[in-house]
Amino acid sequence: MRTQVGIIGAGPAGLLLSRMLAVQGIESVVLENRSRDYVEARIRAGILEQHTVDTLREVGMGARLDREGLEHDGIYLQYPGTRHKLDFPELCGRNVWIYGQSEVVKDLIAAQLDDGPPLLFEVSDVQPRDVDTDSPSIAFTDADGVAQVLECDVVAGTDGFHGVSRPIVTAATDGQLWERTYPFAWLGILADVAPSTDDLIYAWHPDGFAMHSMRSPSVSRLYIQVDPTEKIEDWSDDRIWEALATRMALPGWELQTGPVTEKSILPMRSFVSSPMRHGRLFLAGDAAHIVPPTGAKGLNLAVADVTLLARALVRLLAEKETDLADAYSDKALARVWRCTHFSWWMTSMLHTHGDDFDAQLQLSQLQRVCTSEAAARELAEMYTGLPVAL
């Protein structure tokens, strides 16, 4: 098999990269070790930055997003007795959209299988080879058990934290890894009930953080802070709804409840790997970095990565110029670290851990954001998305 760009991983980063390259006339093949059903069913982030929405529209992926996505012009920050709206268009002239990552992936897969480059599911034994030469390849076993070799000009590792790509880059470059594990987790639920709010609520409470999001006009997505050692079976639906109602309580407002259709516990951590390139192997998305979900940056960081990478690969393969490819890692990491900081800051401001001194600092910071236009604008600019290249 022969192509220009071999892409490992059919998450949003790999699929969008393939789509962006195809629009520019660059061939690719996407390899995925899971089944299509598994990939489409993964429940992940649901908040899209302005740039992410613009990018999906530019590559022909905006039709269902525009039809079913929910445009939001702000968020609520809450602490006991106060719920304050941050108006994003007023503060920074941008919005965000609610549209689940699983829906983005479904749209990209449908387009890929309809008229896009090859997308191979249920492959195994994937191994990039000779990435430090101009003729790399990817060895793998296809879904029928047949050993294959994909010859290519470039390999894109978009295969997540547990994938095969990042260890190759790290080992070959003596790279650096930074990681922080947070002492709390999110218990998240999907519920068949109309949202009780018009915009997302981020609530600080002495019992722990709570968040009210949504997936559609009839489906709500909600979270509560729990200890990472908690077990999901210990949390009945009634217990979850009671905790949510307590932590988001506000005079004159009532949380609507309904059937819980999915619940899980998500540990929280920050992770960054540098560099994001070795030779002809480039990393993007969760293969290179992970952020806690508080700042809504995970999917959007992946889109920013592949936007930079697509430009670099078009210039490298179509124009035979290496400047953008050589600058890719540094440019991507500059934005990664800013978004990692924002995610850490939001997480640190909103999650309690039993320290009364820290609790007062958190309340002071929340009050500052809710009363200072400058502080509110900084949060709005970060939340709705920085420029792709800083």
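You'll find the structure just up there.
Residues numbered from 1 in each chain as written. Predicted model: local features only at pLDDT ≥ 70, side-chain atom pairs only at ≥ 80, totals over all residues. Heavy atoms only, no water.

When you look at the packing of aromatic side chains in this model, what are you seeing that I'm missing?
The description of two aromatic rings rests on the distance between their centres and on the angle between their planes. Applying the stated criterion to the full structure yields 10 aromatic pairs. Taking the centre distance of 5.4 Å and the plane angle of 35 degrees together, the rings of Phe88 and Tyr383 count as tilted. Separated by 295 residues along the polypeptide, Phe88 in helix 5 (residues 88-92) and Tyr383 in helix 12 (residues 373-384) bring together distant segments of the chain. Using a relative accessible area of 0% as the deciding quantity, one classes Tyr383 as buried. An aromatic cluster of at least three residues, connected via ring pairs, comprises Phe88, Trp186, Tyr202, Phe209, Tyr223 and Tyr383. Of note, Lys85 hangs over the ring of Tyr76, and the distance from its end group to the ring centre comes to 5.6 Å. In this structure, Arg239 packs its charged tip against the face of Trp235, placed 3.6 Å from the ring centre. (Phe/Tyr/Trp six-rings, centres within 6.5 Å; stacked < 30°, edge-to-face > 60°. Helix = DSSP H or I, 4+ residues; strand = E, 2+ residues; numbered from the N terminus. Buried < 20%, exposed > 50% of the residue type's maximum accessible area, 1.4 Å probe, protein only. Lys NZ or Arg CZ within 6 Å of the ring centre and 35° of its normal.)

Help me understand the pattern of salt bridges in this model?
Pairing is possible between side chains that carry opposite charge, provided their charged atoms lie close to one another. For the coordinates displayed, the defined rule picks out 22 salt bridges. Glu40 is the salt-bridge partner of Arg36, the closest N and O atoms lying 3.0 Å from each other. Here the residue Arg36 and the residue Glu40 both occupy positions in helix 2 (residues 36-41), the gap between them amounting to four residues, near one helical turn. Looking at Arg36, the relative accessible area reads 35%, which means it is partly exposed. Close ionic contact of Arg64 with Asp107 constitutes a salt bridge, the shortest N to O distance being 2.8 Å. Placement of Arg64 in helix 4 (residues 63-68) and of Asp107 in helix 6 (residues 101-115) is noted, with a sequence separation of 43 residues between them. A relative accessible area of 19% means that Arg64 is categorised as buried. Of the residues examined, Asp107 reaches a relative accessible area of 15% and is grouped as buried. (Salt bridge = Lys/Arg side-chain N within 4 Å of Asp/Glu carboxyl O.)

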